[in-house]
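Architecture at a glance
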Amino acid sequence: MPEFAGIGDNELVFVASTREYLDGEFTNQRLEGLDYLRFDVSVPPERELGAVEPGRSGTPDPATEFLTTSADRLGNRSNFRSAIAAELARRPANQREVMLFVHGYNTTFADGLYRTAQIRHDYDIPVVPVHYAWSSAGSVLGYAYDRDSVLFARDGLEQVITEITSIPGAELVLVAHSLGSSMTMEVLRQLSIGNRRDVLDRIAGVILLSPDVDINVFRTQARRIGDLPQPFFIFTSRRDRALQLSALITGQRNRLGTLGTADDVSEFDVTLIDVSQFRGGENDTMNHFTAASSPAMVELLSQVSLVNSSLENDPTQQLDLFQGTILTVSNATQIILAPQELLP
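1. Structural notes on the overall build of the protein chain
- Regarding its fold elements, the protein chain presents eleven helices and eleven strands.
- Every one of the 344 residues in the protein chain was classed for burial, and the buried ones make up 56%.
- Looking at the protein chain alone, contacts between residues at least 24 apart form 73% of all its contacts between residues at least 6 apart.

As structure tokens, then:
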């Protein structure tokens, strides 16, 4: 990936990748093993909240486009773990959290890297961001390839989670989007089957954004995992056209990310955050990444850190911050968010 001089805020992002690196770029080909890297990303100052515009070929504009200003290979997982540990050690004891972002369907390497930087920057959360770059085809026609790549990349994600949770004092929050949520649930299930409760208990929270997961599969995964990491948030939207298409392809009515009520997941200690009344950002015409791409959503949710310990409490205590309606069905809670102008 070429490096350019940026003029915006700089974001450090660590990366573990299952993509082959060929001819100077990360491809959609699957790598046996993992590549470990660190990047400095320039976040452009002239953009709308939630917007991610990767720098194009030629001479990109650092005022409006995300740019890579430096890149280094870390060599192996030991160096990867040590580099993250060193970065955490430079921070106050109450800010030693790692946000591990697992991207979704139709995502290039640059898209995932810059989206990780954007989430950290726009929400201004005090975390060390890590991106798990699995080998998506990066094409709207690559859905079948991406679903197979999710299965291929499960063991790598388990390894990354294990490495991060082995760092003394580190707290790990998993943030997964779309098909990345399917992979994340599979890996949590693998950890449970492998009796790795020591790793599961070090996960300080899970956030599934627009999860492209079969509802029945989610229930069997969650039952096998047992006690889910807390807090456990599931962002849903009935406007999500990408998940509507996924449901059509799989011959089902809904995916986990389009649930309208908590009834189907009521046995689990989860919080559904319904963002159906919001639209995605300018480049999110499918409303498939509303929680991160919608300027109104980013502005609303940035009032409360997604990984702040306050969210571990009863969500009803955060009603004034969430600006929404709260419903409880057995063990599950649903928060229906509304834009400010729609509130009474």
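2. What to know about the packing of helix α3 (residues 143-152) against helix α5 (residues 179-193)
- At a minimum axis distance of 9 Å, the contact between α3 and α5 shows a crossing angle of 20°. Compared by their axis directions, α3 and α5 come out roughly parallel. Along this stretch, α3 crosses α5, giving a crossing that reads as right-handed. Of the residues in α5, those in contact with Y143, D146, R147 and V150 of α3 are L179, S182 and M183.
- In the contact of α3 with α5, the residues fall into four nonpolar, one polar and two charged.

3. Here's the deal with α3
- All of the buried residues in α3 are Y143, D146, S149 and V150. Axial view of α3: buried residues confined to an arc of 115°, hence all on one face.
- Contacts made by the buried residues of α3 are with β2 (25-43), α4 (154-165), α5 and α8 (241-249).

4. What to know about the confidence of the model for the protein chain
- Across the protein chain, the average pLDDT comes to 89, with 90% of residues at or above 70.
- Confidence drops under a pLDDT of 50 for residues 305-313, and excluding neighbours within four residues, the segment shows 19 contacts in the predicted structure.

5. Thoughts on the pattern of salt bridges
- Scanning the entire structure with this criterion turns up 14 salt bridges.
- A salt bridge links R120 to E11, with the nearest nitrogen and oxygen atoms 2.9 Å apart. Placement of R120 in helix α2 (residues 109-123) and of E11 in strand β1 (residues 9-22) is noted, with a sequence separation of 109 residues between them. The same class applies to R120 and to E11, which are both buried.
- With a shortest N-O distance of 2.3 Å, E163 and R81 are connected by a salt bridge.

6. Notes on unusual backbone geometry
- With an omega of 0°, the peptide bond running from Q230 to P231 counts as cis.
- Mapped onto the elements, P231 comes out in the loop between α7 (215-225) and β8 (232-236).
- Phi at N195 is positive, roughly 55°, even though this residue is not glycine.
- With respect to the secondary-structure elements, N195 resides in the loop between α5 and α6 (197-200).
- If you check the backbone angles, S210 has positive phi at about 50° while not being a glycine.
- Relative to the helices and strands, S210 resides in the loop between β7 (203-209) and α7.

Thresholds, definitions, all that
Residues numbered from 1 in each chain as written. Predicted model: local features only at pLDDT ≥ 70, side-chain atom pairs only at ≥ 80, totals over all residues. Heavy atoms only, no water. Helix = DSSP H or I, 4+ residues; strand = E, 2+ residues; numbered from the N terminus. Buried < 20%, exposed > 50% of the residue type's maximum accessible area, 1.4 Å probe, protein only. Contact = heavy atoms within 4.5 Å. Axes fitted to C-alpha atoms, helices over the stretch in contact; angles between N-to-C directions. Parallel < 35°, antiparallel > 145°, perpendicular 65-115°, else oblique. Left-handed = near helix turned anticlockwise from the far one by under 90°. Nonpolar A, V, L, I, M, F, W, Y, C, P; charged D, E, K, R; others polar. Arc of directions from axis to C-beta. pLDDT = per-residue confidence, 0-100. Salt bridge = Lys/Arg side-chain N within 4 Å of Asp/Glu carboxyl O.

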